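What follows is the residue order along each chain.
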Amino acid sequence: MRHQDITRLALAKGSVRTLRQPEELPLLRDHLLRLDPESRHDRFHGFMEDGFIERYAAKCANDGTIIIAYIEDDVVRGAAELHPPDQSPDSQPEIAFSVEASVRRQGVGSILFKKLIAEARSKGYGSLRITTGAQNQAMRALAHKFGAHLTFRYGESTGSIDLQPQPQAEFAKPGIATPVSTAHAMINFNRSCWKLFFKLYGLDRAA
C-alpha cells in the first residue's frame, strides 16, 4: 500500500480487509441498510426497500461474491464487491461499491477500488464490468480514474475496466545531449577538421 493510501486510512481511522468468516457477512447487510436514501438509490438503481437489500446481502454471502470492507470500530462503513462471472449473463465479473456519508472524501473509495482490482487480477480476470446510477457523480469519477469507459443507458452508467497488461511501446533512446556526450562530439569534430586541414596542405605526409 502506498504512503498516500496509508495516510488516508490514518485520517479515516479504519482498516481494509476481506470479509471471510460466515459471521462477518451480516456486516455487509448492516452497512447497506445504513446508506442514506440517495446513496441507496444510486447503489441499487432505484431498489430501496429493506427486504430487497437483506435478500441481496444474503445472496452475496452464498454465491461466491468477494467482499472487501472498510471497517471502523468493527463496523463496515464502506464495501467493494466482486461478483463471480457465472452470476453475469456475459460471464464478465461485475463490481460494486458503497461508502457511507460519514467516511466520504477520505480516500476510502480509491483504496477499496485498488484492493478489488488487485483481487480480480489475482483470479486471472481480464476485465470487469461496473454499473452505477447516472447521477452518481462520485462513482463515475472514481471509475474513470481507474480506466472505466462508461456509457449511459436507461438511467444507468455502464462500463468496463480492462485488466490486461498493456504492451510497453519500444522507444528509441532519446537524443538528449549531456555535457560528456557534447564534449566527446566536439573532440571528434575537431579531430576531423584537423585531419582534413593536414590532408589539403600535404602535411599529413610530413610526419
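Residues numbered from 1 in each chain as written. Predicted model: local features only at pLDDT ≥ 70, side-chain atom pairs only at ≥ 80, totals over all residues. Heavy atoms only, no water.

Participant: Any chance you could explain the packing of helix 2 (residues 26-34) against helix 4 (residues 50-60) here in plain terms?
Facilitator: For any two helices packed against each other, the geometry comes down to the angle between their axes and how far apart the axes lie. The contact between helix 2 and helix 4 brings their axes to 9 Å, and the two run at 150°. Taken together, the axis directions place helix 2 and helix 4 in an arrangement best described as roughly antiparallel. Crossing hand, helix 2 versus helix 4: right-handed. For the pair helix 2 and helix 4, contact is made by L28, R29, L32 and L33 and by D50, I53, E54, Y56, A57 and C60, respectively. Split by residue class, the contact of helix 2 with helix 4 holds seven nonpolar, no polar and three charged. (Axes fitted to C-alpha atoms, helices over the stretch in contact; angles between N-to-C directions. Helix = DSSP H or I, 4+ residues; strand = E, 2+ residues; numbered from the N terminus. Parallel < 35°, antiparallel > 145°, perpendicular 65-115°, else oblique. Left-handed = near helix turned anticlockwise from the far one by under 90°. Contact = heavy atoms within 4.5 Å. Nonpolar A, V, L, I, M, F, W, Y, C, P; charged D, E, K, R; others polar.)

Participant: I'm lost on the environment of Q92 in this one. Help?
Facilitator: Checked against the element boundaries, Q92 lands in the loop between strand 3 (75-83) and strand 4 (94-99). For Q92 and R129, which are 37 residues apart along the polypeptide, the C-alpha to C-alpha distance reads 6.5 Å. With sequence-adjacent residues up to four places away left out, Q92 is seen in contact with P85, S127, L128, R129 and S160. Within the local environment of Q92, its side chain forms a polar contact with the side chain of S127, the two groups lying 2.9 Å apart. (Polar contact = N/O pair within 3.5 Å; in protein donor to acceptor, adjacent residues only side chain to side chain.)

Participant: For this particular structure, what's the right way to read the nonpolar core?
Facilitator: In a soluble, globular protein the nonpolar side chains are often hidden away together inside. Core analysis: the largest hydrophobic core is formed by 26 residues, its most contacted members being L82, I95, F97, L112, F113 and L128. Mapped onto this core, the elements with two or more residues apiece are strand 2 (66-72), strand 3, strand 4, helix 5 (108-122), strand 5 (127-133) and helix 6 (137-145). Sorting elements by how many residues they give to this core places helix 5 first, with seven residues. Setting aside its immediate chain neighbours within four residues, L128 contacts L82, Q92, P93, I95, I117, A120, G159, S160, I161 and L163. By size, the runner-up hydrophobic cluster in this structure holds 14 residues, among which are L32, F44, A69 and I71. (Core = buried A, V, L, I, M, F, W, Y, C linked by side-chain atoms within 4.5 Å. Buried < 20%, exposed > 50% of the residue type's maximum accessible area, 1.4 Å probe, protein only.)

Participant: How do you make sense of the packing of aromatic side chains when you look at a structure like this?
Facilitator: To describe a pair of aromatic rings, one takes the distance between the centres and the angle between the planes. All told, the structure shown has three aromatic pairs when counted by the stated rule. A centroid spacing of 5.7 Å and a plane angle of 85° characterise the contact between F44 and F52, whose relative ring orientation is edge-to-face. Relative accessible area serves as the criterion here: at 26%, F52 is assigned to the partly exposed category. Here the aromatic rings of F44 and Y56 are separated by 5.2 Å at their centres, their planes lie at 80°, and the arrangement is edge-to-face. (Phe/Tyr/Trp six-rings, centres within 6.5 Å; stacked < 30°, edge-to-face > 60°.)

Participant: How should the environment of L19 be read in this particular structure?
Facilitator: One can find L19 in the loop between strand 1 (15-18) and helix 2. In this structure, the C-alpha to C-alpha distance between L19 and I68, residues 49 residues apart in sequence, is 6.2 Å. Apart from the residues within four sequence positions on either side, L19 is in contact with E24, L25, L27, L28, I67, A69, I71 and V76.

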